[in-house]
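The chain contents come next:
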Amino acid sequence: INEAAVTQLTVFNKVFTYDGQPHGINSEDVILSPADAGYTVEYRKNGEENYTTDEPISPGLYMVRAHTINPNYRTVYTTATINIMAPTVNFNVTNTNYIYDGQPHEVTVEPDIEGFTNYTVTYADLEGNPIEGKPINSGEYKIVIALNGEDSYVIGSVSADILTIEQRELCFTVDNASWDYDATEHVPVMTVSPEADSSLYTIKYVKHESGEEVTAISDVGVYDIVITLTDSDNYKIAEASSKSITVNAKTVNFRVSSNERTYTGDPQTVNTVSVPAGIAHTVTYVNSKGETIDQPVDADTYNIKITINDPGYTVGSISPNKLRIRP
C-alpha cells in the first residue's frame, strides 16, 4: 500500500435550488491527489441514519461522505454538505375588503408559479385562533396560507394578510324633519337606506327637554330621534342620519280695525282678525306711561298687545299696531 502517495481528498460544499432533478458531487467538486487513488461518494439527509449513493433530489440539507477506493493507497475519508434550497412561492392576495351582507366572504389568492395549486387558504381571528369556514360577520380576519404537505417549496411574500368585513351602514332619514304646529298629531315616517329588515332596529321619539317618549308628535318643541340597532356588531348608524324633529310655533298675523277713536268717556277697543282665522287670543293696550290697560277710556295713543295662550302659535305682525283715542 502506497501510503505516502495519497496527499489530499477534498470535497466542496454545494448549494442547489430544487428543480426536481438529482444533484450530487461531480468531479469538479473534488480535489484528489494522486488522481488514480479514486473515490466514491455517499449521501445522507440530515436527521436520517443511513448513507446511500443516490444523489439527493428533494429540498433539505444532506451530509456528504467521500473516501478513496484504490486498494493500493491508504483509504482517506472526508465530508461535505449539499444544501438543496426549496424555491419560494409568492402569493398575491386581492378582494380583501367587503361590507357585511350576511354572506361568507373569501379572498382571491394567486401564486406566482403557474399551475401551482398545492396550498390551502383558511382564516383566523386576530389572536390567531382558527375560525370555521369563511368569515361572515364584520371584523378583521387573518389570512392563513399553508402548503399542503409540500416540502419542495416555501412561502415567500404574501401581499396581504388581513380580510376586512366592514359594518353595513344604515342611513335613517325622516321624511319631514320640521313643520309648523297645526294642532294635529304626526307619526313620523323614517326611510332606511339601504333597505333593511325592520327587526334590525327600533326607533323612538323623545322630547328633548323632558326626556318623555312619545308615539306621535304634535306639541311645539324639539324631539330627539333615538335609534337602537339589534345587531350593532354588523350594522352601524350613518352619521348623516336624521337626529331630531322640530315642530315650530306657527306665526299668526293680525289685522286690526276700529283703531281711530274719539274720547266718549266709555271703554273703546279695536276689532282684530287672525290670519289664519279662528286663533283664540286676547288683546290688551299699553298707554304712553307704559301701563297695560284692558279697556282704554282716556284719550291717548296705545300700543296694541295681542297674546295667544296656545303655545303652538306665536304672534307675528299686528297691522296697524296702535289705538288712538283723540280728545
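Scroll up for the structure.
Residues numbered from 1 in each chain as written. Predicted model: local features only at pLDDT ≥ 70, side-chain atom pairs only at ≥ 80, totals over all residues. Heavy atoms only, no water.

**A few points about the overall build of the protein**
Note the cut-off: Numbering of helices and strands runs from the N terminus, with a helix taken as a DSSP run of H or I at least four residues long and a strand as a DSSP run of E at least two residues long. Throughout, the radius of gyration refers to the C-alpha atoms, and the reference size of a globule is 2.2 Å times the residue count to the power 0.38. Any residue under 20% of the maximum accessible area for its type is buried, any over 50% is exposed, and the rest in between are partly exposed; the area is computed with a 1.4 Å probe on protein chains only. Should any heavy atoms of two residues lie within 4.5 Å, those residues are counted as being in contact. For the accessible areas, the method is Shrake-Rupley and the probe is 1.4 Å, while residue cover comes only from the protein chains on display. His is not counted here, nor are the chain ends, while Lys and Arg score as positive and Asp and Glu score as negative. By convention, charge coordinates are those of NZ in Lys, CZ in Arg, CG in Asp, or CD in Glu.
In terms of regular secondary structure, the protein is built from 0 helices and 29 strands. By the compact-globule yardstick of 20 Å for 327 residues, the protein is too spread out, its C-alpha radius of gyration being 48 Å. If you line up the protein on its principal axes, its C-alpha atoms span 160 × 40 × 30 Å. Of all 327 residues assigned to the protein, the portion counted as buried reaches 32%. Considering only intrachain contacts with a sequence separation of at least 6, the fraction spanning at least 24 residues in the protein is 57%. Taken as a whole, the protein presents about 18,800 Å² of accessible surface, with 45% of it coming from carbon and sulfur. Placing the 20 positive and 45 negative side-chain charges of the protein at their respective mean positions leaves the two points 14 Å apart.

**Quick look at the side chain of Arg44**
Our working rule: Whenever Lys or Arg places a side-chain nitrogen within 4 Å of a carboxyl oxygen from Asp or Glu, that contact is recorded as a salt bridge. The term polar contact refers here to a pair of N or O atoms within 3.5 Å; inside protein, the definition further demands a hydrogen-donor-capable atom paired with an acceptor-capable atom, and it admits residues adjacent in sequence only when both atoms are side-chain atoms.
Relative to the helices and strands, Arg44 resides in strand S4 (residues 39-45). Glu48 provides the closest opposite charge to the buried, salt-bridge-free Arg44, at an N-O distance of 7.5 Å. Of the polar contacts made by the side chain of Arg44, one reaches the backbone oxygen of Glu48; its length is 2.8 Å. Other than its neighbours up to four places away in sequence, Arg44 contacts Glu49, Asn50, Tyr51, Leu61, Tyr62 and Met63.

**Focus on the packing of aromatic side chains**
Rule in force here: Stacked, tilted and edge-to-face are the three classes applied to pairs of Phe, Tyr and Trp rings, where Trp contributes its six-membered ring and a pair requires centres within 6.5 Å; stacked means planes under 30 degrees apart, edge-to-face means over 60, and tilted covers the rest. Our definition puts a charge over a ring when NZ of Lys or CZ of Arg is within 6 Å of the ring centre and also within 35 degrees of the ring normal.
Here the structure, examined in full by the defined rule, presents 7 aromatic pairs. A centroid spacing of 5.1 Å and a plane angle of 65° characterise the contact between Phe91 and Tyr119, whose relative ring orientation is edge-to-face. Residue Phe91 is located in strand S7 (residues 88-94), and its partner Tyr119 is located in strand S10 (residues 119-124); the two are separated by 28 residues in the primary sequence. Classification of Phe91 by relative accessible area gives buried; the value is 2%. Between the aromatic rings of Tyr181 and Tyr313, the centroid separation amounts to 5.2 Å while the plane-to-plane angle is 90°, which identifies the pairing as edge-to-face. Here the residue Tyr181 occupies a position in the loop between strand S15 (178-180) and strand S16 (190-193), and Tyr313 occupies one in strand S28 (residues 313-319), the gap between them amounting to 132 residues. Like Tyr313, Tyr181 is buried. Three or more aromatic residues joined by ring pairs form one cluster here, namely Tyr18, Phe91, Phe116, Tyr119 and Tyr153. Above the face of the Tyr51 ring, Arg65 is positioned so that its terminal group lies 4.0 Å from the ring centre.

**Description of the sheet that holds strand S9 (residues 108-111)**
The condition that has to hold: Note: two strands are recorded as paired if DSSP finds a minimum of 2 bridges between them. Each axis is a line fitted through C-alpha atoms, and for a helix only the stretch in contact is used; angles between axes span 0 to 180 degrees, taken between their N-to-C directions.
On the basis of which strands lie adjacent, the open sheet formed by 3 strands has the order S9-S7-S12 and mixed pairing. Edge positions in the sheet fall to S9 and strand S12 (154-158), since each has one partner strand and no second. Neighbour to neighbour, the strand axes of the sheet diverge by 35° on average, direction disregarded. As defined by bridge partners, S7 adjoins S12 across 3 bridges and the pair is classed as parallel. Opposite Val89, over in S12, you have Ile155 as the bridge partner.

**Quick notes on the nonpolar core**
To keep things clear, this is the line we draw: Side-chain atoms within 4.5 Å are what join buried Ala, Val, Leu, Ile, Met, Phe, Trp, Tyr and Cys residues into a set we call a nonpolar core.
Counting residues in each nonpolar core, the largest one holds 50 residues, and the members touching the most others are Phe91, Phe172, Ile217, Ile245 and Ile304. When residues no more than four places from it in sequence are discounted, the contact partners of Ile304 are Val256, Val270, Val283, Thr284, Tyr285, Ile318, Pro320, Asn321, Lys322 and Leu323. In this structure, Val11, Ala37, Val64 and Ala80 belong to the second largest nonpolar core, which totals 17 residues.

**Looking at the pattern of salt bridges**
Overall, the coordinates contain 7 salt bridges when judged by the stated rule. Across the salt bridge formed by Lys14 and Asp29, the nearest N and O atoms sit 3.3 Å from each other. Residue Lys14 is located in strand S2 (residues 14-17), and its partner Asp29 is located in the loop between S2 and strand S3 (30-33); the two are separated by 15 residues in the primary sequence. The exposure class assigned to Lys14 is partly exposed, which follows from its relative accessible area of 24%. A relative accessible area of 5% places Asp29 in the buried class. Across the salt bridge formed by Lys207 and Glu212, the nearest N and O atoms sit 3.6 Å from each other. Lys207 sits in the partly exposed class, given a relative accessible area of 21%. On the basis of relative accessibility, which here comes to 41%, the residue Glu212 falls in the partly exposed class. Counted as one network, the salt bridges with shared partners bring together Lys207, Glu212 and Asp219.

These figures come from the coordinates and say nothing about function on their own.
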